[in-house]
Amino acid sequence: MVEHAKLRCIDPDCGAECGIERTTPTCPTCAGLMDVVYDWARAHASMGFSGDPMIFQDRNRGFFGAADATGAERLDASGVWRFRELLPFYGSIDNVVSVGEGRTILQPAPVIAKQLGYHASKGGGIYLQYEGMNPSGSFKDNGMTGAFTHAKMIGATRAVCASTGNTSASLAMFAAISGVEAYVLIGEGKIAFGKLAQALEYGATTLQVKGDFDACLGHVREIGEQRPELGIYLMNSVNPFRLEGQKAIMFRVLEALGWEVPDWIVVPGGNLGNCSAFAKAFMELKELSMIDRIPRLAVINAQGARTLDKVYNELGARWNGGRYDKGIVRGEYERMDAAGERASTIASAIEINRPVNLPKALRALDVMDGVVRCVDDKTIMEYKALVGRHGFGCEPASGASVAGAHMLREEGVIGAGERVVCILTGHVLKDPDVVVQYHSGIDTKAGQELAPRGEPTGQKANRPIPVADDIDAIIAALGAG
Ligand code: F0G
């Protein structure tokens, strides 16, 4: 199919390899996670790529002419595919399924940096990688273009995912534009309305399962991995082609910094696909001598969904060259089940018990000298509001990364002058209920006041002011009377 790309099991004791025409995402021998791996010399020789990143920038000419662009120009309008030499599995340009995803920018945030205890000088401080600006409003579009491109290469016509919301929104969008049948499984009552609205609007067959995300993921994995006769392609981040696309988030960060490597990448952790993809991007760029060092990684869990934090910081699980202690992870899952402990957080996007990419995340923490932390819901909402107040609205899960950047600064793990990139994974409009609730003190779904009037519900609460339908009252309320 594509001679310079293949799939390889990440477990060194297995190491099974197969061609990328494989229709199921996991290892044919041990059912573990796989990587897409490349013969870079061969790929780049056939593409005429010298390793000079300036060609990516030259392609970034904006939207002019994108509507009627054909061939390579159409790919240049994508913030994923303009880096196509760094994910060369797609074979031919005609295979690429793109909606102009990934046209997102790194935003310097000096005011936020100051509030978090950083010196925003000499390139240091906080930078926000605003992935909420993707076509479906979250970072998922970066990965979905990769998976849909692979699906097209193998002729898949039906696609499925389990989702806390954003994956389903993105899948539904890509399916609708490419004529693929979309099926999404969501936990009943577990999904923010902005995301549910998208899946329904784009026409995905939406199953509201009486269970949580983990239950849904179990079901779709069975459909996608063990029931090939159904012919339904699995789009969750266990799919390595998703992660190939998500590498581009880091390519754009580097490009924005003139290919200077930042000191830290801070990212919320849910199913752990993003952090896994980021580490793969940096490993490959280093191998290609396109960067000289690898940044450090901070993965931030929600306190109510802290599996990685627990197994990494309390139980001591480490990558260990691929021979990580599977017993630690299994034991923790069994303990959680026996105790009836289920993930619960206001950041519904990352309300996950058993992150499917946990082994790849351990590898990421190893490669990027990483740390893991967790932050509680109240803290998540305060940092989300801080981001919003400075004009970069995000959803609760994204607020976790900024909260984590503050926590690590206070601990002294991150220095005041370091250059820190926080990933804002989803747009503020994804979950309007929690935002209005935070600011108004009213439970939008039940229509009830959470706090008595006059009592702020959060430190940055911006309460709407009730006022009579009267010009004098309005002017008085404006404080201008
Ligand atoms: N932030 C947002 C807004 C998300 O939607 C997700 C994951 C994450 C962070 C976590 O990223 O899984 O790569 O660690 N959402 C998935 C979904 C699970 O179904 O939409 P991760």
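For the structure itself, look to the data block above.
For the structure given in this document, a descriptive report is provided here.

The rules we used
- Residues numbered from 1 in each chain as written.
- Predicted model: local features only at pLDDT ≥ 70, side-chain atom pairs only at ≥ 80, totals over all residues.
- Heavy atoms only, no water.
- Helix = DSSP H or I, 4+ residues; strand = E, 2+ residues; numbered from the N terminus.
- Rg over C-alpha atoms; globule rule 2.2 N^0.38 Å.
- Buried < 20%, exposed > 50% of the residue type's maximum accessible area, 1.4 Å probe, protein only.
- Contact = heavy atoms within 4.5 Å.
- Areas by Shrake-Rupley, 256 points an atom, 1.4 Å probe, with all protein chains shown as cover.
- Lys, Arg positive; Asp, Glu negative; His and termini not counted.
- Charge placed at Lys NZ, Arg CZ, Asp CG, Glu CD.
- Expected span 1.5 Å × (residues − 1).
- Salt bridge = Lys/Arg side-chain N within 4 Å of Asp/Glu carboxyl O.
- Pairing = 2+ DSSP bridges.
- Axes fitted to C-alpha atoms, helices over the stretch in contact; angles between N-to-C directions.
- Phe/Tyr/Trp six-rings, centres within 6.5 Å; stacked < 30°, edge-to-face > 60°.
- Lys NZ or Arg CZ within 6 Å of the ring centre and 35° of its normal.
- Near = heavy atom within 4 Å.
- Polar contact = N/O pair within 3.5 Å; in protein donor to acceptor, adjacent residues only side chain to side chain.
- Patch = residues over 30% accessible without salt bridge, like charges linked within 9 Å, V, L, I, M, F, W, Y side chains within 5 Å.
- Right-handed = clockwise from strand over helix to strand, strands pointing away.

## What about the overall build of the protein chain?
Helix and strand content of the protein chain: 17 helices and 15 strands. Against the compact-globule benchmark of 23 Å for 481 residues, the protein chain has a radius of gyration of 22 Å, which places it among compact chains. When burial is assessed residue by residue, the protein chain has 57% of its 481 residues classed as buried. Within the protein chain, residue pairs in contact and separated by at least 24 positions form 70% of the contacts whose partners lie at least 6 positions apart. Summing over all exposed atoms, the protein chain offers an accessible surface of approximately 19,000 Å²; the carbon and sulfur share of this is 50%. Distance between charge centroids for the protein chain: 2 Å, based on 49 positive and 57 negative side chains.

## Considerations on helix H14 (residues 377-389)
Between its first and last C-alpha atoms H14 spans 18 Å; for 13 residues at 1.5 Å apiece the expected length is 18 Å, and the two agree. Of the positions making up H14, those classed as buried are Ile380, Met381, Glu382, Tyr383, Lys384, Ala385, Leu386 and Val387. Among the structural elements, helix H4 (110-115), strand E11 (296-302), strand E12 (371-375), helix H15 (396-411), strand E13 (419-424) and helix H16 (432-440) are those in contact with the buried residues of H14. Gly391, located one to two residues past H14, shows a positive phi value of around 90°.

## Quick notes on the pattern of salt bridges
Counted under the stated rule, the structure contains 33 salt bridges. Two residues, Asp35 and Arg363, come together in a salt bridge whose shortest N-O distance is 2.6 Å. In this pair, Asp35 is assigned in strand E3 (residues 34-38) and Arg363 in helix H13 (residues 358-367), connecting sequence segments 328 residues apart. The residues Asp35 and Arg363 share a single accessibility class, namely buried. The partner of Glu229 in a salt bridge is Arg227, and the shortest N-O contact between them spans 2.7 Å. Each member of the salt-bridge network shares a partner with another, and the members are Arg59, Asp76, Arg84 and Glu85.

## Topic: the sheet that holds strand E2 (residues 17-19)
Taken together, 3 strands build an open sheet; the order of strands is E2-E1-E3 and the sheet is antiparallel. Among the strands making up the open sheet, the edge pair consists of E2 and E3. Neighbouring strand axes in the sheet, compared pairwise and without regard to direction, differ in orientation by 35° on average. Across 5 bridges, the pairing between strand E1 (residues 5-9) and E3 is antiparallel. When the sheet's bridge partners are listed, Arg8 is paired in E3 with Asp35.

## Here we look at the packing of aromatic side chains
Under the criterion given, the structure shown has 10 aromatic pairs. Between Phe56 and Phe83 the ring centres are 4.9 Å apart and the planes differ by 50°, which places this aromatic pair in the tilted class. Residue Phe56 is located in helix H2 (residues 54-59), and its partner Phe83 is located in the loop between helix H3 (71-76) and strand E4 (106-108); the two are separated by 27 residues in the primary sequence. Each member of the pair, Phe56 together with Phe83, is buried. Through successive ring pairs, a cluster of aromatic residues spans Phe49, Phe56, Phe83, Phe251 and Trp259. The ring of Tyr312 carries the charged tip of Arg318 above its face, separated from the ring centre by 3.7 Å.

## Considering the site of the ligand
Among the 21 residues in the neighbourhood of the ligand, the closest are listed as Asn166, Gly270, Asn271, Leu272 and Thr425. In this structure, Asn271 approaches the ligand through a main-chain N or O atom, which is 2.7 Å from an oxygen atom. At a separation of 3.5 Å, a nitrogen atom of the ligand approaches a polar backbone atom of Ala349. For the ligand, whose accessible area on its own is 470 Å², the fraction buried by protein is 99%.

## Comments concerning the side chain of Arg82
Note that Arg82 resides in the loop between H3 and E4. Relative accessible area serves as the criterion here: at 5%, Arg82 is assigned to the buried category. If we ignore the near neighbours within four places in the chain, the residues touching Arg82 are Phe56, Arg59, Asn60, Leu75, Asp76, Arg252 and Glu255.

## Regarding the sheet that holds strand E5 (residues 125-130)
Hydrogen bonds along the backbone pair up the strands of a sheet, which may run parallel or antiparallel. The 6 strands lie next to each other as E4-E5-E13-E10-E11-E12, forming an open sheet whose pairing is mixed. The sheet is open, and its two borders are formed by E4 and E12, each paired with just one other strand. Neighbour-to-neighbour, the strand axes of the sheet open up by a mean angle of 25°, direction not taken into account.

## Concerning a nonpolar patch on the surface
On the surface, Val467, Ile471, Ile474, Ile475 and Leu478 cluster together into a nonpolar patch covering about 450 Å² of accessible area. One can find Ile474 in helix H17 (residues 471-477). The class of Ile474 is partly exposed, set by a relative accessible area of 33%.

## Brief notes about the pairing of E11
Residues in a regular strand point their side chains to alternate faces of the sheet. For E11, the tally of buried residues reaches 6 of 7 residues, placing the bulk of the element in the interior. Here strand E10 (residues 264-268) pairs with E11 via 5 bridges, running parallel. Residue pairing for E11: Val267 is matched across the bridge by Val299. In this view, the connection linking E10 to its parallel neighbour E11 by way of helix H10 (residues 273-287) has right-handed handedness. Summarising the sheet, E11 and E12 pair through 5 bridges and their orientation is parallel. Bridge pairing links Ile300 to Arg373 in E12.

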